[in-house]
Amino acid sequence: MESNFVDYVKIYCRSGKGGRGSMHLRHVKYNPNGGPDGGDGGKGGSIILRGNHNYWTLLHLKFMRHIKAEHGGNGGRDKCHGTDGKDVYIDVPCGTVVYNAETGKYVCDVTYDGQEVLLLKGGRGGLGNYQFRSATNQAPRYAQPGEPMQEMTVIMELKLLADVGLVGFPNAGKSTLVSALSNARPKIANYPFTTMEPSLGIVGYRDNKSFVMADIPGIIEGASEGKGLGLRFLRHIERNSLLLFMVPGDTENIYKEYNILLNELRQFNPELLDKHRVLAVTKSDLLDEELIDMLRSELEEQLKADGEDVPVVFISAVAQQHLDELKDVLWRELNAESNKLAAVTTSESIVHRDKDMSTFAVEMADEGEDDIEFVDDDEIEDYEELDDFEYEEEDE
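Residues numbered from 1 in each chain as written. Predicted model: local features only at pLDDT ≥ 70, side-chain atom pairs only at ≥ 80, totals over all residues. Heavy atoms only, no water.

A word on helix α3 (residues 289–305). Counted at 1.5 Å a residue, the expected span for α3 with its 17 residues is 24 Å, and the 24 Å between its end C-alpha atoms agrees. Turning to α3, its buried residues are I292, L295, L299 and L303. Relative to the axis of α3, the buried residues are bounded by an arc of 70 degrees and lie together on one face. Facing away from the buried side of α3, by more than 90 degrees, are the exposed residues E290, E301, K304 and A305. Looking at the buried side of α3, the elements it contacts are α2 (254–268), β15 (276–282) and β16 (312–314). (Helix = DSSP H or I, 4+ residues; strand = E, 2+ residues; numbered from the N terminus. Expected span 1.5 Å × (residues − 1). Buried < 20%, exposed > 50% of the residue type's maximum accessible area, 1.4 Å probe, protein only. Arc of directions from axis to C-beta. Contact = heavy atoms within 4.5 Å.)

This is how it looks when you write it as structure tokens:
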């Protein structure tokens with residue numbers, strides 16, 4: 001049976017070209033020298049990505065191979081403006097990242113509901129000859145063509161956005177934990193690779209607070225090299241604020257298995273090691289209290305020797321043991337991560353686009369001083385660039 005979870009699509013996108021301006025001279029009864037009255041061409045439609053929290057997969061785009069916006073209409077006589085081409089909105093789930101399929105370069109991403117990102121801008125319409133009239137040129141016989149369209153083949157990848165991402169080998173109890181803490185119902189069975197697609201669950205906390213937990217399909221040693229499920233689901237871990245490593249309590253060497261998981265993430269993306277981590281030893285109902293205390297002490301010493309400040313929690317999702325303690329630890333670490341991000345000051349340029357997509361604000365953070373400069377599109381690209389004038393006069 002084919003999975004309904006699609007996290008990768010490749011689509012050819014094309015915006016609309018601008019309509020050409022009209023080159024028309026008015027000749028009517030009683031006014032044979034009416035002068036220029038050619039209208040401007042219409043703007044071509046744009047391709048715009050829009051975040052939609054109702055989607056959690058790219059399945060709705062799986063069979064779309066081409067997405068094209070309308071071209072702008074040509075200008076007409078009597079200063080008639082050409083019709084604008086309709087913009088095309090592509091609804092995508094939050095966490096979608098877009099790359100240029102030909103170059104592999106990052107293009108943009110959509111991270112929150114309602115966010116709109118201009119992917120391909122429609123061409124501007126050309127000016128009609130009415131716009132070029134002057135005291136010294138009262139009958140201009142030229143008009144501008146419209147701006148050309150933009151096109152790109154894009155790759156859209158979904159990287160699930162969650163507060164807590166579960167990292168562990170197959171049968172570590174990840175799906176069981178998600179089902180115990182939330183209303184999500186992932187498939188649970190006693191064989192490896194039960195979970196073949198990621199799932200999200202909302203975990204309730206005190207005072208009506210909550211956080212999102214992602215059940216990521218199991219990793220095996222060598223996953224970063226393509227073994228097992230390979231890299232397909234490793235990228236979903238990139239967008240999680242906190243990583244919860246899960247190792248079964250009946251494992252021969254808990255610390256060794258934790259380090260194998262850590263190494264797979266390091267091989268895939270070293271930046272993942274900068275995220276806050278929590279180690280949960282699952283299936284602790286199989287262990288007595290004395291053994292748990294001994295294992296906890298050993299793990300804390302080994303982690304401290306490595307210079308890691310990683311909380312260790314022994315839990316049992318099946319027996320509902322110490323789950324409240326786990327939620328307390330996760331909530332504390334999530335708040336610590338949020339505070340760390342809020343304290344970071346970046347020295348990189350941040351580009352914001354306003355709602356009508358015509359004005360940019362470029363903000364530079366330099367030693368605590370913010371310099372903001374507003375630049376209008378018309379200052380960047382002037383209509384004079386459209387210098388391929390048309391000289392053919394239209395019939396009355």
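For the rest of this paragraph, the subject is the pattern of salt bridges. In this structure the tally under the stated criterion is 8 salt bridges. Between E147 and R124 there is a salt bridge; the shortest N-O distance is 3.0 Å. With a gap of 23 residues between them, E147 in the loop between β9 (116–120) and β10 (151–158) and R124 in the loop between β9 and β10 connect regions that are remote in the sequence. By the burial criterion, E147 is buried, and R124 matches it. One salt bridge in this structure joins E333 and R332, with 3.6 Å as the shortest N-O distance. Taking relative accessible area as the criterion, E333 reaches 11% and is therefore assigned buried. (Salt bridge = Lys/Arg side-chain N within 4 Å of Asp/Glu carboxyl O.)

In space, the 6 strands of this open sheet follow the order β12-β13-β11-β14-β15-β16, with mixed pairing throughout. Looking along the sheet, the strands with just one partner apiece sit at the ends: β12 (199–204) and β16. Across the sheet, the axes of successive neighbouring strands diverge by a mean angle of 30 degrees, strand direction being ignored. Across 3 bridges, the pairing between strand β11 (residues 162–168) and strand β13 (residues 210–215) is parallel. (Pairing = 2+ DSSP bridges. Axes fitted to C-alpha atoms, helices over the stretch in contact; angles between N-to-C directions.)

Applying the stated criterion to the full structure yields 5 aromatic pairs. The interplanar angle of 75 degrees and the centroid separation of 6.3 Å between the aromatic rings of Y99 and Y106 together place this pair among those described as edge-to-face. Residue classification places Y106 among the partly exposed residues on the basis of a relative accessible area of 49%. An aromatic cluster is defined as three or more aromatic residues linked by ring pairs; in this entry it consists of Y205, F211 and W331. Lying across the ring of Y130, R133 places its NZ or CZ 3.8 Å from the centre. (Phe/Tyr/Trp six-rings, centres within 6.5 Å; stacked < 30°, edge-to-face > 60°. Lys NZ or Arg CZ within 6 Å of the ring centre and 35° of its normal.)

Glycine aside, a negative phi is what most residues show, and trans is what most peptide bonds show. Phi is positive for Q320, which is not a glycine, with a value near 55 degrees. With respect to the secondary-structure elements, Q320 resides in the loop between β16 and α4 (323–343).

The strand order across the open sheet built from 5 strands is β5-β1-β10-β7-β8, with neighbouring strands paired in mixed fashion. Of all the strands in the sheet, just β5 (66–68) and β8 (106–110) have a single pairing partner and so form its edges. Between one strand axis and the next, the sheet turns by 30 degrees as a mean value, whatever way the strands run. Bridge count between strand β7 (residues 96–100) and β8: 4 bridges; the pairing is antiparallel. Within the sheet, the bridge partner assigned to T96 lies in β8 and is V110.

Moving on, we get to the confidence of the model for the chain. On average, residues of the chain carry a pLDDT of 79, and 75% of them reach 70 or more. Here residues 226–230 is modelled with pLDDT under 50, and outside its nearest four sequence neighbours on either side it reaches 11 contacts, counting other chains as well. (pLDDT = per-residue confidence, 0-100.)

A word on the environment of F314. Within the secondary structure, F314 is located in strand β16. Judged by relative accessible area, F314 falls into the buried class, the value being 2%. Once the C-alpha coordinates of F314 and K283 are considered, the two residues, 31 residues apart in sequence, prove to be 8.1 Å apart. In contact with F314, other than residues within four places in its own chain, are V281, S284, L287, I292, L295, R296, L299 and H322.

Among soluble globular proteins, nonpolar side chains are generally buried collectively. F245, Y258, L279, L299 and F314 are the most contacted members of the largest nonpolar core, which has 27 residues in total. Top element by residues in this core is α2. It accounts for 7 residues. Grouped together as the second largest cluster of nonpolar side chains are 24 residues, V203, Y205, M213 and A317 included. (Core = buried A, V, L, I, M, F, W, Y, C linked by side-chain atoms within 4.5 Å.)

The interhelical angle for the contact between α2 and α3, taken along N-to-C directions, is 45 degrees, at an axis separation of 10 Å. Comparing their axes, α3 and α2 come out oblique. The two elements α2 and α3 meet at a crossing, and its hand is right-handed. Counting all contacts with α2, which are made through I254, Y255 and Y258, the residues of α3 involved are L295, L299, Q302 and L303. Within the contact of α2 with α3, the residues separate by chemical class into 6 nonpolar, 1 polar and no charged. (Parallel < 35°, antiparallel > 145°, perpendicular 65-115°, else oblique. Left-handed = near helix turned anticlockwise from the far one by under 90°. Nonpolar A, V, L, I, M, F, W, Y, C, P; charged D, E, K, R; others polar.)

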